[in-house]
Amino acid sequence: MMSRLQAQSCKTRDNFGMNTSTLPTLAVLGIGRMGLPMATRLCQAGFTVHVWNRTPAKAEPLAALGAHIHTQVQDAVRGADIVISLLENGPVVEDVLFQQGAAEAMKQGALVVDMASIKPAEARDHAARLQKLGVHHVDAPVSGGTVAAEAGTLAIMAGGEPQDLERAAPVLQHLGKTTHVGPHGAGQLAKLANQMIVGITIGAVAEALLLCAKGGADMAKVREAIGGGFAQSRILELHGQRMIERDFAPRGSMTVQRKDMRNALATAQELGFEAPITSLFEQLYTAGIEHGLADKDHSGLFLELARRNGMA
């Protein structure tokens, strides 16, 4: 049942003590696993929020919060001061902005904050093309998953001009902590670094725990024992527990993890940089997906390594 708080209009409610009459009008494109909780928080903060999703039904829960649901992306962005993209990948962002006409429908001086995880080169290209239309751009991918999206504690890695990031700050503060890491594309570089570390560390934790189990040790006790040493990490804490419990319900997914590894490798090739560890793990995630793990959490790499060792 919808609570009275949820049913209030996001135009009139201000749960964060802000003056709603001075807030920018927002458009949010992409209402998926991350987009829904993030758009919810923006409604609750008192912003006027217009939303568009390829499957309109996924956006319907936001209507009760006062969001304006649109079936055409051009209508969603037309009056927006800031357009937030939470789309699936670089080609989808390119299609929505430039093929479906979203960019041309934006007003002069609007700001696109692209929070999708895409290639740095794609982010730079989008920024340059938007600039020709009189639209500003910040790439601001996130880390923290759905739990952080719901709590407003995402790590946001931003690339672009400082003045554009300053414009976005009153919005982004409701979603997490933002760090400006450099020019256009730098936010995406930081996200790739994040995903390289996450994906590789998941593999290290899985392989180590499986080795211990193969040798007769208790994986849960091993995780507890090494948790106080240099091996301690959020991956060991959270994903290690999921491995022990065999809980591979998707929070992050195997397919998204592989996409990010492939984006990292493509970027490394552009830069003339050798990334052998990332290359190995891209192959391991690909093998897991080919063996039926596509819909599992990225900690499901554990299952692929278990299969290789006859421990399934």
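Nothing here was measured: the structure is a model prediction, and the numbers come from that model.

Caption draft 1: Examining the pattern of salt bridges more closely. Inspection of the entire model under this criterion finds twelve salt bridges. When the shortest N-O distance is used, the salt bridge between aspartate 125 and arginine 129 registers 3.1 Å. Taken together, the residues aspartate 125 and arginine 129, both in helix α6 (residues 120-132) and four residues apart, mark about one turn of the helix. The partly exposed category is assigned to arginine 129, whose relative accessible area is 27%. One salt bridge in this structure joins glutamate 224 and lysine 221, with 3.7 Å as the shortest N-O distance. On the criterion of helical spacing, the pair formed by glutamate 224 and lysine 221 is a turn pair, its members being three residues apart in helix α10 (residues 219-226). Take lysine 221: its relative accessible area is 52%, and that puts it in the exposed class. When salt bridges with common partners are traced through the structure, they connect Glu94, Asp125 and Arg129 into a single cluster.

Caption draft 2: Seen up close, the pairing of strand β8 (residues 154-160). Buried residues dominate β8, accounting for six of its seven residues. Note: strand β6 (residues 136-139) against β8, two bridges, orientation antiparallel. Pairing of valine 138 across the sheet is with glycine 160, part of β8. Where strand β7 (residues 142-143) lies against β8, two bridges are found, and the strand directions are antiparallel. Note that in β8 the partner of valine 142 across the bridge is isoleucine 156. In terms of strand pairing, β8 meets strand β9 (residues 176-182) through six bridges, oriented parallel. Counted as the bridge partner of leucine 154 is glycine 176 from β9. With helix α8 (residues 162-172) bridging β8 and its parallel neighbour β9, the resulting β-α-β unit is right-handed.

Caption draft 3: Region of interest: a nonpolar patch on the surface. Side chains of Leu189, Leu271 and Phe273 sit close together on the surface and give an oily, nonpolar patch of about 340 Å² of accessible area. Residue classification places leucine 271 among the exposed positions, given a relative accessible area of 63%.

Caption draft 4: Main features of the side chain of histidine 50. If you trace the backbone, histidine 50 turns up in strand β2 (residues 49-52). The class for histidine 50 is buried, based on a relative accessible area of 18%. When sequence neighbours within four positions are dropped, the list of residues in contact with histidine 50 reads Thr25, Leu26, Ala27, Val28, His68, His70 and Ala76.

Caption draft 5: Looking closely at the environment of isoleucine 202. Checked against the element boundaries, isoleucine 202 lands in helix α9 (residues 186-214). Of the residues examined, isoleucine 202 reaches a relative accessible area of 0% and is grouped as buried. Placed 163 residues apart in sequence, isoleucine 202 and alanine 39 show a C-alpha to C-alpha distance of 29 Å. Aside from chain neighbours lying at most four places away, what touches isoleucine 202 is Ile235, His239, Met243, Tyr285, His298, Ser299 and Leu301.

Caption draft 6: Examining the nonpolar core more closely. Judged by nonpolar contacts, the single largest core of 35 residues is most densely connected at Val28, Leu42, Val49, Ile84, Val113 and Met115. Counting residues per element, the ones that place at least two in this core are β1 (26-29), α2 (35-44), β2, β4 (82-85), β5 (111-114), α7 (145-151), β8 and α8.

Caption draft 7: Examining the confidence of the model for the chain more closely. Mean pLDDT over the chain stands at 93; residues scoring 70 or higher make up 93%. The low-confidence segment residues 1-18, where pLDDT is below 50, has 47 contacts with residues more than four positions distant or belonging to other chains.

Caption draft 8: Just the packing of helix α13 (residues 276-293) against helix α14 (residues 301-308), in detail. Running from amino to carboxyl end, α13 crosses α14 at an angle of 85 degrees, the nearest separation of the two axes being 9 Å. It follows that α13 is roughly perpendicular to α14 by the angle criterion. On α14, the residues that touch Phe281, Leu284, Tyr285, Ala287, Gly288, His291 and Leu293 of α13 are Leu301, Leu303, Glu304, Leu305, Arg307 and Arg308. Its residues placed into classes, the contact of α13 with α14 shows eight nonpolar, two polar and three charged.

Caption draft 9: Fine view of the environment of arginine 258. Mapped onto the elements of the fold, arginine 258 is located in helix α12 (residues 254-271). For arginine 258, a relative accessible area of 18% gives the class buried. In this structure the C-alpha to C-alpha distance between arginine 258 and phenylalanine 281, which are 23 residues apart in sequence, comes to 8.5 Å. Non-local contacts of arginine 258, meaning those with residues more than four positions away in its chain, are made with Glu282, Tyr285, Thr286 and Ile289.

Rules and cut-offs
- Residues numbered from 1 in each chain as written.
- Predicted model: local features only at pLDDT ≥ 70, side-chain atom pairs only at ≥ 80, totals over all residues.
- Heavy atoms only, no water.
- Salt bridge = Lys/Arg side-chain N within 4 Å of Asp/Glu carboxyl O.
- Helix = DSSP H or I, 4+ residues; strand = E, 2+ residues; numbered from the N terminus.
- Buried < 20%, exposed > 50% of the residue type's maximum accessible area, 1.4 Å probe, protein only.
- Pairing = 2+ DSSP bridges.
- Right-handed = clockwise from strand over helix to strand, strands pointing away.
- Patch = residues over 30% accessible without salt bridge, like charges linked within 9 Å, V, L, I, M, F, W, Y side chains within 5 Å.
- Areas by Shrake-Rupley, 256 points an atom, 1.4 Å probe, with all protein chains shown as cover.
- Contact = heavy atoms within 4.5 Å.
- Core = buried A, V, L, I, M, F, W, Y, C linked by side-chain atoms within 4.5 Å.
- pLDDT = per-residue confidence, 0-100.
- Axes fitted to C-alpha atoms, helices over the stretch in contact; angles between N-to-C directions.
- Parallel < 35°, antiparallel > 145°, perpendicular 65-115°, else oblique.
- Nonpolar A, V, L, I, M, F, W, Y, C, P; charged D, E, K, R; others polar.

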